[in-house]
Amino acid sequence: MKRFTAIACLALVAGSAWAEPMMKAGLWEMRIEKQVMDGQDMTAAIAAAHAEMQKMMANMPPEQRKQMEQAMGGKGVASLVGGGSPNASRVCISPEMAARDKPVAMADGRCEPAKTQRSGNRMVFELNCQGMVGKGESVINGDSVSSRMDMTLNDARGKHVMQMESRMTYLGPDCKGLKPLDQIAREIQAPVRK
């Protein structure tokens, strides 16, 4: 489960790496299309973990499931529960994020892109964050953003090389109770500043 959460966080980086004025504020579905870690394709394993999570949620009493959904929504990412798509989650992009002139970083606000360059509907970017460096490219076509990233991660088990492809699809202006990612970042950073 911990690895699945880390993977979802990384997908967030790739999937929301396009926060240009062309990106609309509102609810977006983020789908991991391919993920390779240290040469091993993890896409099927992620889909299996997602299916297991859906099954677990479906078997919870309604009140407990609602509490879990609210807790996940409060973190700015909602895993698709009850018939959702494999390797997919939903995120809320605020109007401020949609208007920014640089990519969105992780939801916890600890990572900003080191470099960005935009040409038309294509943006290339570099990340240099605590425990992760990488580069990527995002292309926006109407209500869809496709991204590809190549990263090197460092964790307690050592150094890992990862390639990931993801796609975000705009679902509409209503975030359906999810907090916008920039609001989550401010809430996480506030206790640190005190």
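Keep in mind that what you see is a predicted model, and the values were worked out from it rather than measured. (Residues numbered from 1 in each chain as written. Predicted model: local features only at pLDDT ≥ 70, side-chain atom pairs only at ≥ 80, totals over all residues. Heavy atoms only, no water.)

## Considering the overall build of the chain
Within the chain one finds five helices and nine strands. Starting at the N terminus and walking to the C terminus, you meet the elements of the chain as α-β-β-α-α-β-β-α-β-β-β-β-β-α. Here the chain holds 194 residues, and 44% of them are scored as buried. Considering only contacts in the chain between residues 6 or more positions apart, those separated by 24 or more positions represent 62%. Surface summary for the chain: the accessible area is close to 10,200 Å², and the carbon and sulfur share equals 53%. (Helix = DSSP H or I, 4+ residues; strand = E, 2+ residues; numbered from the N terminus. Buried < 20%, exposed > 50% of the residue type's maximum accessible area, 1.4 Å probe, protein only. Contact = heavy atoms within 4.5 Å. Areas by Shrake-Rupley, 256 points an atom, 1.4 Å probe, with all protein chains shown as cover.)

## Focus: the state of the cysteines
Considering all chains together, one arrives at one disulfide under this definition. Two residues share a disulfide in this structure: Cys92 and Cys175, whose sulfurs sit 2.0 Å from each other. When the S-S torsion is 75°, as for the bridge of Cys92 with Cys175, the disulfide is right-handed. Note that Cys92 is positioned in strand S4 (residues 88–93) and Cys175 in the loop between strand S9 (158–172) and helix H5 (181–193), a separation of 83 residues in sequence. Both residues of the pair, Cys92 and Cys175, belong to the buried class. (Disulfide = S-S within 2.5 Å.)

## Quick word on the pairing of strand S6 (residues 122–129)
Because side chains alternate across S6, one face comprises the buried residues Met123, Phe125, Leu127 and Cys129, and the other comprises Arg122, Val124, Glu126 and Asn128, none of which is buried. Bridging between S6 and strand S7 (residues 132–141) involves eight bridges; their strand directions are antiparallel. Paired with Phe125 across the strands is Gly136, a residue of S7. In textbook terms, the turn of a hairpin is the stretch between consecutive antiparallel strands, and for S6 and S7 this stretch comprises two residues, one of which, Gly131, has a positive phi near 80°. (Pairing = 2+ DSSP bridges.)

## Regarding the side chain of Thr43
Position of Thr43 relative to the elements: it lies in helix H2 (residues 43–58). Reaching out from Thr43, the side chain makes a polar contact with the backbone nitrogen of Gln35 at a distance of 2.9 Å. (Polar contact = N/O pair within 3.5 Å; in protein donor to acceptor, adjacent residues only side chain to side chain.)

## Re the nonpolar core
Counting 13 residues, the largest nonpolar core has Leu127, Met132, Met151, Leu153 and Met162 as its most contacted members. Elements that contribute at least two residues to this core include exactly strand S1 (26–37), S6, strand S8 (144–155) and S9. Judged by nonpolar contacts, the second largest core, of twelve residues, contains Met23, Trp28, Met30 and Met97. (Core = buried A, V, L, I, M, F, W, Y, C linked by side-chain atoms within 4.5 Å.)

## Topic: the confidence of the model for the chain
Here the chain averages 75 in pLDDT, and 69% of its residues register 70 or above. Long-range and interchain partners of residues 1–20, a stretch whose pLDDT sits below 50, account for 72 contacts in this model, where long-range means more than four residues apart. (pLDDT = per-residue confidence, 0-100.)

## Overview of the pattern of salt bridges
A complete count under the given rule lists seven salt bridges for this structure. Among the salt bridges present, the one from Arg148 reaches Asp150, with a minimum N-O distance of 3.3 Å. Judged by relative accessible area, Asp150 falls into the partly exposed class, the value being 27%. Counted as one network, the salt bridges with shared partners bring together Arg148, Asp150 and Glu165. (Salt bridge = Lys/Arg side-chain N within 4 Å of Asp/Glu carboxyl O.)

## A word on unusual backbone geometry
Negative phi values dominate among residues other than glycine, just as trans dominates among peptide bonds. In this model, Asp38 sits at a positive phi of 50°, which is unusual for a non-glycine residue. For Asp38, the location among the structural elements is in the loop between S1 and strand S2 (40–41). One non-glycine residue, Lys176, lies in positive phi territory at about 50°. With respect to the element layout, Lys176 can be found in the loop between S9 and H5. Using a relative accessible area of 60% as the deciding quantity, one classes Lys176 as exposed.

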